[in-house]
Amino acid sequence: MKSISLIPVVAVLYLLAGCCPTHPPAEKTTAWLGPTDSMAKVISDINANNSKIPTLFAHHYYEADVVDDKKHSHHVAGDGVLLYQAPISIRLRASAAAVGTVFEIGSNPRSFWFELGPDTGSTLWWGNYADLSQIDPDSAGIPIRPDMVRDVLGIATINTNFSELPAPTMRFNAEKDAYDFVWIAKRPDRWVALREVWYDRVTKRPRLVLLYDSNGRVVLRATFDPQQYRQIQVPNLAKSEWPWMPGDYRLEFPDTGSLLRMTLDQAQLTSNMGNGVTIPNASSFRMPNPDNAPVDKVIRIAAPAER
């Protein structure tokens, strides 16, 4: 009798299992619902760290797939040097034992450039920042824009005038436990997002950087290995007060297909070259002369009236 009474129950369970679609279990997320900081406090903490890195000398190892203007992909690997001087000067040079310079990315207060060596495209792109306001940023024609690379180093300070364009906005992403900043700018017909950065709630260190074109498409995606952050020694400061910066970068350029992975094996504020010379200095960011650059092609990123 007990067996007979179970039959209807088993039948119902069988029908339910057969007629209803199965769903995978929902992914468990642990959202942070505790206290968070104001935008002013978050930016103050970020600036307190980054202001201690006014200059940088770093040696790096890299692996890259660089896609040139003819859609040819060049896979290269080797080592190089990264130089930085606040607020906008950068020089990232990569070389390989067999071919010498593979590529160089540079920026100073006046100009920017990107150079591919003889074995990876033999081309120099260059321009002046004064022209950028007159150039469609979505079609500048340069494979890797130096100003974009500068934006993802994770060591620049943030303007504390929150109403000055490009202006930051902040929301807290509870699911990702991160402060999500988006910088916006005005176009003639609308507002656009330029840059998005996720900062870890606890450490205030960047975890993700997205740079957008005027249609909201990602043109550069940067991620950082959270286990590879490193401290930079600062004279006259206790080690507990030394600033932190990323030690491993992965830069993806979806539109061109270029990819750069870079790991720092040493980083310091300056390097002593002897005879009283330290780098970086003003001459560290001098752009190569386009008239005698050791490349086959020179392309200027110029305002329309100058082309």
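Here the structure is a predicted model, which is why all the values come from computation and not from measurement.

*Asks:* Teacher, can you tell me more about the overall build of the protein here?
*Replies:* Secondary structure assignment for the protein yields four helices and 18 strands. Sorting the 307 residues of the protein into buried and exposed places 43% on the buried side. When contacts within the protein are restricted to residue pairs at least 6 apart in sequence, those whose partners lie at least 24 apart make up 52%. Counting only carbon and sulfur atoms, one obtains 55% of the accessible surface of the protein, whose full area is about 16700 Å².

*Asks:* What is the right way to look at the environment of Leu116 in this model?
*Replies:* When you line up the elements, Leu116 lands in strand S5 (residues 111-116). In this structure the C-alpha to C-alpha distance between Leu116 and Pro294, which are 178 residues apart in sequence, comes to 9.9 Å.

*Asks:* I keep staring at the side chain of Asn108 and nothing clicks. Help me out?
*Replies:* Tracing the sequence through the fold places Asn108 in the loop between strand S4 (100-107) and S5. Only 2.8 Å separates the side chain of Asn108 from the backbone nitrogen of Arg110, close enough to count as a polar contact. Here Phe285 takes part through its backbone oxygen, which lies 2.9 Å from a polar atom of the side chain of Asn108. Once you skip the residues sitting within four places of it in the chain, Asn108 turns out to touch Ile88, Ser89, Trp113, Tyr129, Phe285 and Met287.

*Asks:* Honestly, the pairing of strand S6 (residues 123-128) in this entry has me stumped. Any pointers?
*Replies:* Successive side chains on a regular strand alternate, one facing one side of the sheet and the next facing the other. S6 sits mainly inside the fold: six of its six residues count as buried. Along S6, one buried face is formed by Thr123, Trp125 and Gly127 and the opposite face, lined by Leu124, Trp126 and Asn128, is buried too. When S6 meets strand S18 (residues 297-301), the two strands line up parallel, connected through five bridges. Each bridged residue has a counterpart across the sheet, and for Gly127 the counterpart in S18 is Ile301.

*Asks:* Looking at this model, I keep getting lost on the nonpolar core. Mind explaining?
*Replies:* Looking at soluble globular proteins, one finds that nonpolar side chains tend to be buried together. Ranked by size, the top nonpolar core spans 57 residues in total, and within it Leu56, Tyr62, Leu82, Phe103, Phe114 and Leu251 carry the most contacts. The leading source of residues in this core is strand S1 (residues 55-67), at five residues. Not counting residues up to four positions away in its chain, the partners in contact with Leu251 are Val149, Val152, Leu220, Arg221, Ala222, Ser258, Leu259 and Leu260. Trp113, Leu124, Met287 and Ala293 belong to the second-largest nonpolar core, a separate cluster that totals six residues.

*Asks:* Explain the confidence of the model for the protein here, please?
*Replies:* Should pLDDT be low for a region, the predicted coordinates there are not to be read in detail. Per-chain confidence: the protein averages 84 in pLDDT, with 84% of residues scoring 70 or above. Here residues 1-21 is a poorly scored stretch, pLDDT under 50, and it has zero contacts once near neighbours within four places are set aside; other chains count.

*Asks:* I'm lost on the layout of surface pockets in this one. Help?
*Replies:* Where empty space is left in the structure can be found by rolling a water-sized probe over the atoms. The computed volume of the second largest pocket comes to approximately 170 Å³. Along the walls of the second largest pocket sit Asp45, Ile46, Asn49, Asn50, Gly154, Tyr199, Thr203, Lys204, Arg205, Pro206 and Trp244, which together make up its complete lining. Ranked by the residues each element gives to the lining of the second largest pocket, the list is headed by helix H2 (residues 39-50), at four residues. Taken together, the residues of the lining of the second largest pocket break down into four nonpolar, four polar and three charged.

*Asks:* Is there a simple way to think about unusual backbone geometry in this case?
*Replies:* The phi torsion of most residues other than glycine is negative, and most of the peptide bonds are trans. Leu165 connects to Pro166 through a cis peptide bond whose omega is -5 degrees. Locating Pro166 in the fold gives a position in the loop between helix H4 (146-151) and strand S7 (167-173). In the segment running from Ile279 into Pro280, the intervening peptide bond is cis, with an omega of 5 degrees. Along the polypeptide, Pro280 turns up in the loop between strand S17 (277-279) and S18. Located in the positive-phi region is Asn275, a residue other than glycine, with phi close to 55 degrees. You can see Asn275 is positioned in the loop between strand S16 (271-274) and S17.

*Asks:* I would appreciate a short explanation of the pattern of salt bridges in the present structure.
*Replies:* A side chain of one charge can pair with a side chain of the opposite charge if their charged atoms are brought near each other. Under the counting rule described, the total for this entry stands at 13 salt bridges. For Asp189, the salt bridge identified is with Arg190, shortest N-O distance 2.9 Å. On the accessibility criterion, Asp189 (59% relative accessible area) is exposed. Between Asp248 and Arg261 there is a salt bridge, with its nearest N and O atoms 3.0 Å apart.

*Asks:* What exactly am I supposed to notice about the environment of Asn50 here?
*Replies:* As for its position among the elements, Asn50 is in helix H2. In this view, Asn50 contacts Gly154, Ile155, Ala156 and Thr157; residues no more than four positions away in its chain are not counted. Separated by 2.9 Å, the side chains of Asn50 and Asn49 make a polar contact.

The rules behind each value
Residues numbered from 1 in each chain as written. Predicted model: local features only at pLDDT ≥ 70, side-chain atom pairs only at ≥ 80, totals over all residues. Heavy atoms only, no water. Helix = DSSP H or I, 4+ residues; strand = E, 2+ residues; numbered from the N terminus. Buried < 20%, exposed > 50% of the residue type's maximum accessible area, 1.4 Å probe, protein only. Contact = heavy atoms within 4.5 Å. Areas by Shrake-Rupley, 256 points an atom, 1.4 Å probe, with all protein chains shown as cover. Polar contact = N/O pair within 3.5 Å; in protein donor to acceptor, adjacent residues only side chain to side chain. Pairing = 2+ DSSP bridges. Core = buried A, V, L, I, M, F, W, Y, C linked by side-chain atoms within 4.5 Å. pLDDT = per-residue confidence, 0-100. 1 Å grid on protein atoms, 1.4 Å probe; cavity = no way out; pocket = protein on both sides within 12 Å on 5 of 7 lines; lining within 4 Å. Points joined across faces, edges and corners; volume = space filled by probe spheres on them. Nonpolar A, V, L, I, M, F, W, Y, C, P; charged D, E, K, R; others polar. Salt bridge = Lys/Arg side-chain N within 4 Å of Asp/Glu carboxyl O.

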